[in-house]
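Remarks on the overall topology
Each chain, letter by letter, is given below.
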Amino acid sequence: MTLILNVLAAIGRGVLGACRSVGAIALFALDGVSHLLRPPFYPRLFGRAFLEIGFFSLPVVSLTAIFTGMVLALQSYSGFSRFGAESAVANVVVLSITRELGPVLAGLMVAGRIGAAFAAEIGTMRVTDQIDALTTLSTNPMKYLVAPRLLAGTLAMPLLVVVADILGVMGGWLVGTTKLGFGSTTYLASTLNFMQAEDVISGLVKAAVFGFVITLMGCYHGYNSRGGAQGVGGATTAAVVSSSILILALDYVLTEMFFG
Amino acid sequence: MTDTPKIRLRGLTKRFGAKTVLDGVDLDIAAGHGMVILGGSGSGKSVTIKCILGLITPDAGTIEIDGRDILSMPRREREELNDRIGMLFQNGALFDSLPVWENVCFKLLAQKRITRARARDKAAEVLAQVGLAASVGDLSPSELSGGMQKRVGLARAIAAEPEIIFFDEPTTGLDPIMGAVIDGLIVDCVKTLGATAVSITHDMASARRIGDTAAMLHKGRMVWTGSAAELGQTGNAMVDQFARGEREGPIGMELRK
Ligand SMILES: Nc1ncnc2c1ncn2[C@@H]1O[C@H](COP(=O)(O)OP(=O)(O)OP(=O)(O)O)[C@@H](O)[C@H]1O
Ligand SMILES: [Mg+2]
């Protein structure tokens, strides 16, 4: 009997804790976004964050996209050749990249880079009193640290995904033309003919949402970190894990909204 | 009006989990005065200051600045009040993503009282006051020694010429001469700028120099308030033991129980 009660109590505690976190994160996000509407603004900090997310993530995201496009072409060719549908390779590549793999894989890569970096930076500022110092220096830390990063993440991710889409298709094209015997123009023509604005736009909307979630998780966990180096390490892990899971979960929700 | 203390604490209480750090602190700090807060390590001196700054929310009690309760103040007014307060953090808390000059002029830049072009010169001026060369302005805080970081933190706290300045251990980690220079600077803030300076220090010589009044925090309460010049011969056994750094006395006995 006590065992059952203990188990139930543990479950209850977990659920309550989860609700509290969700509430706290929602309030944090609202506060952060509300600062985007009220001056002063920090264009310099926005620019720095935008560069960090949009520009310095280009190598990782590009490599991911190219190899994903290449593997996709190879896999779908070998799969589709079983029922003579090899010609659909270009279509499969462009559809999967723009709708799903571009935003999701770019999101996961950026979560690893940016979510961790933001959590570590803001977390270190927290445990060394730098966030308190901001308050005493007539600067709201949410406005200074969080708002510009949230905006930068939301705007930079779609741009990254445009690059990922193009390079992903080029990866497919590379394998298609050099290895699978497609003609260069035929491949590109069938890609362009098949591609629809809706596919690309849904992918970019996903990217913006993922960008917001990644920066939100990085900032939230950093901002609330406690207790020295260990606390900052924990915040970094929490930021990457939570944003990765949220990306995958939200990907389903958004897909359901667009195409369900 | 002149009788209203600049800062008035009444029954200030703060617990962290089961541990009661502040247990009803009462303190009056007169305007334009140097106040020194003494107390053992971990007695809650930094927590007291952080409560006044609004960085920690107390569990009970009131904090008044210029006769107005700051805990029930709307956020806007609270922020305006903070504009007139400066703080040197115990560990410096410099922004390591910014060069020293931007650290020093951070508040002036945030309040748009100075242009970025002017800020470098202004920073050099304030750095000179704390005994640092203008070239330090271009370094990053991580390139400085501990004592230099402390002095940059001090420069940042006073650059905007605030009405109330809190110094959390301003001279800890400085050599004796530099310590005396910094003490002189704090006295100047009070004498020339008319600021109210609240300092935490473990250095009795420094306490006598920078303090008009001293208060001692022990077991979550202010157990004594009096003239800083008398430290060491106040007649209060606890304070005298603390000021002279003696092992035998009421404080040690309480710990041994
Ligand atoms: N954020 C916090 N969470 C939990 N406990 C805290 C926190 N801040 C301070 N404390 C506790 O409050 C007590 C008082 O801390 P405080 O930093 O005010 O000491 P202090 O008087 O400034 O000491 P020192 O002279 O060593 O700086 C300590 O026991 C500390 O453990
Ligand atoms: Mg302290």
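These figures come from a predicted structure and were not determined experimentally.

So, about the overall build of chain A. Summing up its helical and strand segments, chain A has 9 helices and 0 strands in all. Along chain A, helices and strands appear, N-terminal first, in the series α-α-α-α-α-α-α-α-α. The principal-axis extent of the C-alpha atoms belonging to chain A is close to 65 × 60 × 30 Å. The burial tally for chain A puts 44% of its 260 residues in the buried class. Counting only carbon and sulfur atoms, one obtains 74% of the accessible surface of chain A, whose full area is about 12200 Å².

Time to look at the overall build of chain B. Tallying secondary structure elements over chain B gives 10 helices and 10 strands in all. A compact globule built from 257 residues should have a C-alpha radius of gyration of about 18 Å, and chain B, at 18 Å, falls within 12% of that. Its C-alpha atoms give chain B principal-axis dimensions of roughly 60 × 45 × 40 Å. Across the 257 residues of chain B, 52% fall into the buried class. Restricting the contact set of chain B to residue pairs at least 6 apart, pairs at least 24 apart contribute 60%. Accessible surface computed for chain B: about 11400 Å², of which carbon and sulfur atoms make up 50%. On chain B, the mean spot of the 32 positive side-chain charges and the mean spot of the 32 negative ones are 3 Å from each other.

With that out of the way, let us pick up the site of ligand 1. Residues and elements named next belong to chain B. Around ligand 1, the structure places 14 residues, and the nearest of them are Ser41, Gly42, Lys45, Ser46 and Gln90. The side chain of Lys45 places a nitrogen or oxygen atom 2.8 Å from an oxygen atom of ligand 1. The side chain of His202 places a nitrogen or oxygen atom 3.0 Å from an oxygen atom of ligand 1. Listing elements by their share of the shell around ligand 1, those giving two or more residues are strand S2 (19–29) and helix H1 (45–53). Residue contributions to the shell around ligand 1 peak at 3 residues, all from H1.

Residues and elements named next belong to chain B. Strand order in the open sheet made by the 6 strands is S6-S7-S8-S3-S9-S10, with mixed pairing throughout. Among the strands making up the open sheet, the edge pair consists of strand S6 (85–88) and strand S10 (221–227). This sheet shows a mean twist of 15° between the axes of neighbouring strands, independent of strand direction. Note that strand S3 (residues 34–39) and strand S8 (residues 196–200) share 4 bridges and pair parallel.

Moving on to the layout of surface pockets. Size it by volume and the largest pocket reaches roughly 1100 Å³. As for the largest pocket, its lining consists of 36 residues, of which Thr135, Thr139 and Asn140 of chain A together with Arg75 and Glu79 of chain B are closest to the centre. Sorting the residues of the lining of the largest pocket by element identifies helix H5 (130–136) and helix H6 (141–178) of chain A together with H1 and helix H2 (75–82) of chain B as the ones contributing at least two each. With 6 residues, the single largest contributor to the lining of the largest pocket is H2 of chain B. A per-class count over the lining of the largest pocket returns 16 nonpolar, 9 polar and 11 charged.

By size, the foremost hydrophobic cluster in this structure holds 78 residues, and its most contacted members are Ile7 and Phe166 of chain B. Broken down by element, the residue count for this core peaks at 11 residues, all from H6 of chain A. Apart from the residues within four sequence positions on either side, Ile7 of chain B is in contact with Leu27, Asp28, Ile29, Ile52, Glu64, Ile65, Ile164, Phe166 and Val198 of chain B. Ala197, Ile210, Val239 and Ile251 of chain B belong to the second largest nonpolar core, which has 49 residues in total.

Turning next to the packing of aromatic side chains. Within a pair of aromatic rings, the relevant descriptors are the distance that separates the centres and the angle that separates the planes. Using the criterion set out here, one finds 11 aromatic pairs over all chains in the structure. Consider the rings of Phe80 of chain A and Phe83 of chain A, whose centres lie 6.1 Å apart with planes at 40°: the pair is tilted. In textbook terms, an aromatic cluster arises when at least three aromatic residues are bridged by ring pairs, as seen for Tyr42 and Tyr144 of chain A together with Phe95 and Phe106 of chain B. Here the guanidinium or amino end of Arg99 of chain A rests over the ring plane of Phe259 of chain A, the centre of that ring lying 3.6 Å away. Taking NZ or CZ as reference, Arg149 of chain A lies 4.8 Å from the ring centre of Phe118 of chain A, over its face.

Our next topic: the coordination of the magnesium ion (ligand 2). Octahedral metal centres with six donors ideally show angles of 90 or 180 degrees, and tetrahedral centres with four donors ideally show 109.5 degrees. Residues and elements named next belong to chain B. Those protein atoms acting as donors to the magnesium ion (ligand 2) are Ser46 (OG) and Gln90 (OE1), and they sit at 2.0 to 2.2 Å. Taken together, the residues Ser46 in helix H1 and Gln90 in the loop between S6 and helix H3 (100–104) connect sequence positions 44 residues apart. What makes Ser46 partly exposed here is its relative accessible area of 21%.

We now examine the UniProt feature "transmembrane region" (unreviewed entry) in chain A. Residue and element names in this part refer to chain A. When the UniProt feature table is mapped onto this chain, "transmembrane region" (unreviewed entry) is found at residues 53–74, 150–175, 200–220 and 232–254. Between the first and last C-alpha atoms of residues 200–220 the distance is 30 Å; the span itself is 100% helix and 0% strand. Annotated as residues 232–254, this span is 100% helix and 0% strand, and its ends, taken at the C-alpha atoms, are 32 Å apart.

Below, the discussion takes up the UniProt feature "domain: ABC transporter" (unreviewed entry) in chain B. UniProt's feature table lists "domain: ABC transporter" (unreviewed entry) at residues 7–244 of chain B, given in the numbering used throughout. Helix makes up 36% of residues 7–244 of chain B and strand 26%, and the two end C-alpha atoms of the span are 28 Å apart.

Conventions we followed
- Residues numbered from 1 in each chain as written.
- Chains lettered and ligands numbered in written order.
- Predicted model: local features only at pLDDT ≥ 70, side-chain atom pairs only at ≥ 80, totals over all residues.
- Heavy atoms only, no water.
- Helix = DSSP H or I, 4+ residues; strand = E, 2+ residues; numbered from the N terminus.
- Buried < 20%, exposed > 50% of the residue type's maximum accessible area, 1.4 Å probe, protein only.
- Areas by Shrake-Rupley, 256 points an atom, 1.4 Å probe, with all protein chains shown as cover.
- Rg over C-alpha atoms; globule rule 2.2 N^0.38 Å.
- Contact = heavy atoms within 4.5 Å.
- Lys, Arg positive; Asp, Glu negative; His and termini not counted.
- Charge placed at Lys NZ, Arg CZ, Asp CG, Glu CD.
- Near = heavy atom within 4 Å.
- Polar contact = N/O pair within 3.5 Å; in protein donor to acceptor, adjacent residues only side chain to side chain.
- Pairing = 2+ DSSP bridges.
- Axes fitted to C-alpha atoms, helices over the stretch in contact; angles between N-to-C directions.
- 1 Å grid on protein atoms, 1.4 Å probe; cavity = no way out; pocket = protein on both sides within 12 Å on 5 of 7 lines; lining within 4 Å.
- Points joined across faces, edges and corners; volume = space filled by probe spheres on them.
- Nonpolar A, V, L, I, M, F, W, Y, C, P; charged D, E, K, R; others polar.
- Core = buried A, V, L, I, M, F, W, Y, C linked by side-chain atoms within 4.5 Å.
- Phe/Tyr/Trp six-rings, centres within 6.5 Å; stacked < 30°, edge-to-face > 60°.
- Lys NZ or Arg CZ within 6 Å of the ring centre and 35° of its normal.
- Donors = N, O, S within 2.8 Å, 3.2 Å for Na, K, Ca; no water.
- UniProt positions renumbered as here; feature names shortened; annotations may be inferred.

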